[in-house]
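Observations on chain architecture
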Amino acid sequence: MPLLRRLRRGDFAWQAHIDLHGLTRDPARDALVRFFASARVQGFRCVLVVHGRGHNSEDGRPVLKPLVQRWLQRAPLKGWVFAYATAKPVDGGAGAMYVLLRR
């Protein structure tokens, strides 16, 4: 079975998580970079990033979700990330994502 399909199904057990709730753009990005650097040093393969659904934002739309997706596609995180997918409801659903790190 393809790796991305397995990730979407939640077949990988995440080994660490970060919750970005309440953070603004720059502090969230800095925290995410530090988190991924630490996860790589520890040899983690799959992590959970909780970015929220935007329920507390001014217009009720997610603010961090599109930013996190953009950051995962750009340096330095791009070099560390193999794939990512929306988490299963038990792990946060649309307010979180599984991230598979490169070995």
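Above: the structure in question.
This section reports on the structure supplied with the text. (Residues numbered from 1 in each chain as written. Predicted model: local features only at pLDDT ≥ 70, side-chain atom pairs only at ≥ 80, totals over all residues. Heavy atoms only, no water.)

Overall, the coordinates contain one aromatic pair when judged by the stated rule. With a centroid separation of 5.7 Å and an interplanar angle of 70°, the aromatic rings of Phe-35 and Phe-36 are classed as edge-to-face. Residue classification places Phe-35 among the buried positions, given a relative accessible area of 13%. Accessibility expressed as a relative area gives 0% for Phe-36, which makes it buried. Lying over the aromatic face of Phe-82, Arg-45 brings its terminal NZ or CZ to 5.9 Å of the ring centre. (Phe/Tyr/Trp six-rings, centres within 6.5 Å; stacked < 30°, edge-to-face > 60°. Buried < 20%, exposed > 50% of the residue type's maximum accessible area, 1.4 Å probe, protein only. Lys NZ or Arg CZ within 6 Å of the ring centre and 35° of its normal.)

Structurally, the α-helix is built with 3.6 residues per turn, so residues lying three or four positions apart point the same way. Taken together, the buried positions of helix H3 (residues 64-72) are occupied by Leu-64, Leu-67, Val-68, Trp-71 and Leu-72. Summarising the axial view, the buried residues of H3 lie within an arc of 135°, below the 170-degree limit, and thus occupy one face. On the buried face of H3, the contacting elements are helix H2 (25-41), strand E2 (46-50), strand E3 (81-86) and strand E4 (96-101). (Helix = DSSP H or I, 4+ residues; strand = E, 2+ residues; numbered from the N terminus. Arc of directions from axis to C-beta. Contact = heavy atoms within 4.5 Å.)

Positionally, Arg-25 belongs in helix H2. The class of Arg-25 is partly exposed, set by a relative accessible area of 48%. Sequence-wise, Arg-25 and Gly-60 are 35 residues apart; in three dimensions their C-alpha atoms are separated by 16 Å. Residues in contact with Arg-25, not counting those within four places in the same chain, are Leu-67, Arg-70 and Trp-71.

Here we come to the pattern of salt bridges. Scanning all chains against the criterion turns up one salt bridge. Note that Asp-11 and Arg-9 form a salt bridge whose closest N and O atoms lie 3.5 Å from each other. Judged by its relative accessible area of 36%, Asp-11 falls in the partly exposed class. We classify Arg-9 as partly exposed; its relative accessible area is 44%. (Salt bridge = Lys/Arg side-chain N within 4 Å of Asp/Glu carboxyl O.)

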